[in-house]
Amino acid sequence: MTKNVLFIMCDQLRWDYLSCTGHPHLHTPNIDALAARGVLFDRAYVQSPICGPSRMSFYTGRYVSSHGSTWNGIPLKVGEMTLGDHLRPLGVRTALCGKTHMTADVDGMKRLGLSPDSTIGALVSECGFEPYERDDGLHPDGPRYARNKAYDAHMKAKGYPDENPWDTVANAAEDEDGNILSGWFMDNADKPARAADEDSETPYITDRAMDFIQEAGDTPWCLHLSYIKPHWPYIVPAPYHDMYGPETHLDPVRSEAERTDPHPVYGAFMEERVSRAFCDDGTRTRVLTAYMGLIKQIDDQMGRLMAFLDAQGLTDETMIVFTSDHGDYLGDHWMGEKELFHDASSRIPLIVVDPAPEADATRGMTSAALVEAIDLVPTFLDYFGGEEVPHILEGASLRPILHGQVEDVRDVAVSEYDYSMRDVRRRLGVEVKDAKLTMLFDGRWKYVFAEGFRPMLFDLDTDPQELTDLGADPAHADETARLERHFFDWTRRTAQRTTRSDAWIAARDTVLGEAKAGILIGYRNEAELHDVLPETAAKPAQKAS
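Note that the structure is a prediction, hence the values are computed from the model and not measured.

Student: When you look at the sheet that holds strand β15 (residues 456-459) in this model, what are you seeing that I'm missing?
Tutor: In a beta sheet, neighbouring strands are held together by backbone hydrogen bonds and run either parallel or antiparallel to one another. Strand order in the open sheet formed by four strands is β12-β13-β14-β15, with antiparallel pairing between adjacent strands. What marks the edges here is a single partner per strand, and that holds for β12 (413-418) and β15. Across this sheet, the average inter-strand angle for adjacent strands is 10°, counted without regard to direction. Pairing of strand β14 (residues 445-450) with β15 involves four bridges; the strand directions are antiparallel. If you follow Trp445 over to β15, its bridge partner there is Asp459.

Next up, the structure:
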């Protein structure tokens, strides 16, 4: 039987904005149905709470400090193995429909003579994916972001005459006088986008994914279907724009105490423009209306997509993953956007449906295992029958959990964030090399190491909303010290020796190998060599000519 993987990722979807993860008003029956068919991992964390580094960890199976792509626009260096590099040798067509946020290592490619329009160059430039259709979703006017010409052509064919339909149709509204109201402005978030539902980004990229699946035929495939939404611009077409009014919105999780003498880095992020915007109740209400509508639109597309797989006869041979690259504060903790490590930002929804009969016993289960984004590449490799490569992949296959063999794959989840590219660093007077944060979460205690500052510490057993930072409390000094030791243990891991595994080294008898090769280091005479290589005793001594 042919095996396939459908790897679905949303952008900026919070873990708790699905009905299967507890949202009381936002009903997502199609995503819930996936959870009923597989395992819902309730404590899944990203390796960095921002798009680029998070995705590079998803695609490499490696921590941010291992792959080196530390922020948006920092290239993933040439030579880092990605999902496609692991799966293509197994005969798996590994392709992309949607977003990667990948920045190519142009200098490295030039150094190695790799042309970006060559077969290898294109794969290196696209995180190892065949770019069936790449659409990072941000196409404002200007030179920084390349437009998706395929989407532009699609919109032209649908009768939209706009020069940049992404900007002025899919992500803009219109007032009674015909004036365009940009979706970039949050005051317009509760208005319907000018695009019809079926022409907007989420249905469009779903259509393209279905095109790929039909085209792939009997070839095993791994398709990364990567949606730009519910990421900003926060705007959604009718009928989704007014489905979720204020009566369906959850109150922000925040307290006045959080603003009283906060950790310096946290306090600086609370001062960011987007954080101040989300502290305005009117703005937050308008954004939540759109955000929830965008999620509902995604859920409806999941219904279309699953019906399509059924019709194609592919459901029973396709592993399906549904997840997100990070969350969205949405005003929680006096914050907007993402970037720090509260659950609103660093915790993600993760559903894995393994069609194998061995997974039948766990279908519909919610797992409390600590899971990381880097676990997906080894899970896919395991699914397709590839050999383990633990010297390269730092995650762990989730199939032992899916098959009911174990309950956990790790004791601590780790996430990293480099804020050197943010104005926060300048306001704090921190040097680029020191603008680093690392989170460790052991299932109860969430510890954040902040270079140059005191740590942060939260007890999620007694404070599940993470409102009280205990990092400066002497009563918790022992807990802080314990987690600090764990952090330094983690930093001492071997991460860069990817060309030879521990097993290869352990199996090698260096002394014997060198002696057999005629490399005789430290031997005082032939008798000592005979003790190591007895067969040399039978050889006559060489005579000088």
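Here the narrative resumes.
Student: How should I be thinking about the packing of aromatic side chains in this particular structure?
Tutor: Under the criterion given, the structure shown has 20 aromatic pairs. With 6.2 Å between their ring centres and 85° between their planes, Phe212 and Trp221 make a pair best called edge-to-face. With respect to class, Phe212 is no different from Trp221; both count as buried. Aromatic pair Phe487 and Phe488: ring centres 5.1 Å apart, planes at 50°, arrangement tilted. By relative accessible area, Phe487 is classed as buried at 6%. Note on Phe488: relative accessible area 35%, which makes it partly exposed. Among the aromatic residues, those joined into a ring-pair cluster are Tyr63, Phe449, Phe487, Phe488 and Trp490.

Student: Looking at this structure, I do not really get the pattern of salt bridges. What am I missing?
Tutor: If charged atoms from side chains of opposite charge come close, those side chains can pair. Within the structure shown, the criterion is met by 48 salt bridges. Close ionic contact of Asp423 with Arg426 constitutes a salt bridge, the shortest N to O distance being 3.4 Å. Taken as a pair, Asp423 and Arg426 lie in helix α16 (residues 423-428) at a separation of three residues, close to a single helical turn. For Asp423, a relative accessible area of 47% corresponds to the partly exposed category.

Student: So what exactly am I meant to see when it comes to helix α1 (residues 29-37) here?
Tutor: An α-helical turn contains 3.6 residues, so any two residues separated by three or four positions project in the same direction. Among the residues of α1, Ile31, Leu34 and Ala35 are the ones counted as buried. An end-on view of α1 places all buried positions within 100° of arc, on one side of the element. Close packing links the buried residues of α1 with β2 (39-45), α12 (281-312), β8 (318-324) and β10 (350-353).

Student: How do you make sense of the packing of helix α9 (residues 201-216) against α12 when you look at a structure like this?
Tutor: Two quantities define a packed helix pair, namely the angle between the axes and the distance from one axis to the other. Remark: α9 packs on α12, axes separated minimally by 10 Å, with the N-to-C direction vectors making an angle of 15°. When the interaxial angle is binned, α9 and α12 end up roughly parallel. In terms of crossing hand, the pair formed by α9 and α12 is right-handed. Contact residues: Thr202, Pro203, Thr206, Asp207, Met210, Ile213 and Gln214 in α9; Gln297, Ile298, Gln301, Arg304, Leu305, Phe308, Leu309 and Gln312 in α12. When its residues are assigned to classes, the contact of α9 with α12 shows seven nonpolar, six polar and two charged.

Definitions and cut-offs
- Residues numbered from 1 in each chain as written.
- Predicted model: local features only at pLDDT ≥ 70, side-chain atom pairs only at ≥ 80, totals over all residues.
- Heavy atoms only, no water.
- Pairing = 2+ DSSP bridges.
- Helix = DSSP H or I, 4+ residues; strand = E, 2+ residues; numbered from the N terminus.
- Axes fitted to C-alpha atoms, helices over the stretch in contact; angles between N-to-C directions.
- Phe/Tyr/Trp six-rings, centres within 6.5 Å; stacked < 30°, edge-to-face > 60°.
- Buried < 20%, exposed > 50% of the residue type's maximum accessible area, 1.4 Å probe, protein only.
- Salt bridge = Lys/Arg side-chain N within 4 Å of Asp/Glu carboxyl O.
- Arc of directions from axis to C-beta.
- Contact = heavy atoms within 4.5 Å.
- Parallel < 35°, antiparallel > 145°, perpendicular 65-115°, else oblique.
- Left-handed = near helix turned anticlockwise from the far one by under 90°.
- Nonpolar A, V, L, I, M, F, W, Y, C, P; charged D, E, K, R; others polar.

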